[in-house]
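Chain residues, written in single-letter form:
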Amino acid sequence: MSAVNVSKLGYVGFETPDVERLVEYYTRVLDFVLVEGDDRGAFLTTGVDHHCVVVTKGGTRARQVVGYEISDDLDTAAELLKESGYVTQRRSDIGPGTPDVLVLEEPGTGVPLHLITAQDPSGVAGFTPLRPTKLGHVAAYTPELAPMQSFYQDLLGFKWSDTVGDFFVFLRCNADHHAANFMASQKYSGMHHIAYEMRDPNHLISMLDHLAQHDYRLHWGPGRHGPGHNLFTYHRDPDGNVIELFTQIDVVHDEAKGFWEPRPWHEEFPMGPRTWEVDMATVNQWGPIDPPSLDH
Ligand SMILES: [Fe+2]
């Protein structure tokens, strides 16, 4: 039993020297909605949640905070985390949409993690041709893989989904194949990439044409990953952060069985979590490998 059960990736924070430029990218290029802006930051959403991206003025730190929804109440979570030896702080002043937050530090990176039970509604709903459906996952470097994996699994209730070689792990907190992934590195730190989900391949293509019209070009993809089998594309935001737009990620509907819902492009049937070789078919079933994407 884990101390806490994370059920959703809520939001990710970005520090930027130019808030206006990054907000412009999110609103005009990615079609997010700016829900609220105050001295605590710009709060952007893709849908009903108050925000999934928070932009604050500073350096160029990406993933400077990660917010997770948990299915436990915050009192119990605080208690159990304390019993497990983790110091938490209860905050009511974090920002709009999240009036009650439990803050703890991610070991190894020092990134503040915000645990919440839910967000206030954004008031944003309905169909738009372009806007991503949701924040899908955020990938980060970690000095050591094992302690990070055990923190996320044993303390926060994540489940193991896949590993590549001995340095890249994928973890899920609900049906989606991964909400958090970590790459072990003594060379790099910080965010590896952040990913937003598109409805389907046509939605993704429409967004790629929209990106091109705004002079944003892909540096990798379209391709299909092995782990998660998501169809992926990667480009950079104005600060140079790597942004993945993806669709068709693996899902598990029956945790008791623990297999991904079968898809024609899977390597085996039934297919569940496994450790993958580091090769072309793992990184991109369609080829080619993007060399920097595996540099750790
Ligand atoms: Fe990804």
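Residues numbered from 1 in each chain as written. Predicted model: local features only at pLDDT ≥ 70, side-chain atom pairs only at ≥ 80, totals over all residues. Heavy atoms only, no water.

Side note on the pattern of salt bridges
Enumeration according to the criterion identifies 16 salt bridges in this entry. For Arg-28, the salt bridge is made with Glu-24, and the minimal N-O distance between the two is 3.1 Å. Of this pair, Arg-28 and Glu-24 both sit in helix H1 (residues 19-29), 4 residues apart, roughly one helical turn. A relative accessible area of 49% places Arg-28 in the partly exposed class. Across the pair Asp-295 and Lys-187 runs a salt bridge whose closest N-O atoms are separated by 3.2 Å. Here Asp-295, found in the segment after helix H5 (280-283), pairs with Lys-187, found in the loop between strand E12 (180-184) and strand E13 (191-197); they are 108 residues apart in sequence, far enough to count as distant. Because the salt bridges share partners, they merge into one network encompassing Lys-8, Asp-49 and Glu-69. (Salt bridge = Lys/Arg side-chain N within 4 Å of Asp/Glu carboxyl O. Helix = DSSP H or I, 4+ residues; strand = E, 2+ residues; numbered from the N terminus. Buried < 20%, exposed > 50% of the residue type's maximum accessible area, 1.4 Å probe, protein only.)

Structural notes on the sheet that holds strand E6 (residues 89-91)
As summarised here, the arrangement of the 8 strands in space is E2-E3-E4-E1-E5-E8-E7-E6, forming an open sheet in which the pairing is mixed. Only two strands of the sheet have a single neighbouring strand rather than two, namely strand E2 (33-38) and E6. Sheet twist, expressed as the mean angle between neighbouring strand axes with direction ignored, is 25 degrees. Relative to strand E5 (residues 62-70), strand E1 (residues 6-16) runs antiparallel, the two sharing 7 bridges. Paired with Val-6 across the two strands is Ile-70, which belongs to E5. Relative to strand E4 (residues 53-57), H1 is tilted by about 160 degrees, and along the sheet it contacts E1, E2, strand E3 (41-45) and E4. Of the strands in this sheet, E5, strand E7 (101-105) and strand E8 (112-116) touch helix H3 (residues 145-155), which is tilted by about 150 degrees from E7. (Pairing = 2+ DSSP bridges. Axes fitted to C-alpha atoms, helices over the stretch in contact; angles between N-to-C directions. Contact = heavy atoms within 4.5 Å.)

A short note on the packing of aromatic side chains
Within this structure, the stated rule accounts for 16 aromatic pairs. Judged by centre distance (5.1 Å) and plane angle (75 degrees), the ring pair of Tyr-25 and Tyr-26 falls under edge-to-face. Take Tyr-25: its relative accessible area is 1%, and that puts it in the buried class. Note on Phe-32 and Tyr-196: the rings are 5.1 Å apart at their centroids and 80 degrees apart in plane angle, and the pair reads as edge-to-face. Placement of the pair is Phe-32 in the loop between H1 and E2 and Tyr-196 in strand E13, with a sequence separation of 164 residues. What makes Phe-32 buried here is its relative accessible area of 3%. By relative accessible area, which is 0% here, Tyr-196 ends up buried. Grouped by ring-pair contacts, the aromatic residues Tyr-68, Tyr-86, Phe-151, Tyr-152, Phe-158 and Phe-182 constitute a single cluster. Taking NZ or CZ as reference, Arg-224 lies 3.9 Å from the ring centre of Trp-265, over its face. (Phe/Tyr/Trp six-rings, centres within 6.5 Å; stacked < 30°, edge-to-face > 60°. Lys NZ or Arg CZ within 6 Å of the ring centre and 35° of its normal.)

Section: helix H4 (residues 201-213)
Taking 1.5 Å of rise per residue, 13 residues should cover 18 Å, and H4 covers 18 Å from first to last C-alpha, within 8% of that figure. Among the residues of H4, those classed as buried are His-203, Leu-204, Met-207, Leu-208, His-210 and Leu-211. Projected onto a plane normal to the axis of H4, the buried residues spread over an arc of 160 degrees and lie on a single side. Along H4, exposed side chains directed more than 90 degrees from the buried face belong to Asn-202, Asp-209 and Gln-213. Buried residues in H4 make contact with H1, strand E15 (231-236) and strand E16 (242-247). Where H4 starts, the residue carrying a side-chain oxygen 3.1 Å from the main-chain nitrogen of Asn-202 turns out to be Asp-200. Positive phi shows up at Asp-215, right after H4, with a value of about 65 degrees. (Expected span 1.5 Å × (residues − 1). Arc of directions from axis to C-beta. Polar contact = N/O pair within 3.5 Å; in protein donor to acceptor, adjacent residues only side chain to side chain.)

Description of the sheet that holds strand E9 (residues 134-142)
One open sheet holds the 9 strands; their spatial order is E14-E15-E16-E13-E9-E12-E11-E10-E17, and the pairing between them is mixed. A strand with exactly one partner marks an edge of an open sheet, and here the two such strands are strand E14 (220-224) and strand E17 (275-276). In this structure, E14 lies alongside E15, joined through 3 bridges in antiparallel fashion. Each bridged residue has a counterpart across the sheet, and for Arg-224 the counterpart in E15 is Leu-231.

Observations concerning the domain arrangement of the protein chain
For the protein chain, the domain assignment lists domain 1 (6-116) and domain 2 (134-294). Between domain 1 and domain 2, the C-alpha centre-to-centre distance is 21 Å. Between domain 1 and domain 2, the residue contacts involve 35 residues of the former and 34 residues of the latter. Across the domain 1 to domain 2 interface the summed buried area is about 2,700 Å²; carbon plus sulfur atoms make up 68%. In this assembly, domain 1 and domain 2 are joined by 1 salt bridge. Arg-21 is the salt-bridge partner of Asp-239, the closest N and O atoms lying 2.8 Å from each other. Counting the contacts that link domain 1 with domain 2 gives 10 residue pairs in polar contact (both at pLDDT 80 or more). Residue assignment for the side of domain 1 that touches domain 2 shows that the elements contributing at least two residues are E1, H1, E5 and E7. Residue composition of the side of domain 1 that touches domain 2, by class: 21 nonpolar, 7 polar and 7 charged. (Domains from an automatic or database assignment. Buried area = accessible area lost by both parts, 1.4 Å probe. Nonpolar A, V, L, I, M, F, W, Y, C, P; charged D, E, K, R; others polar.)

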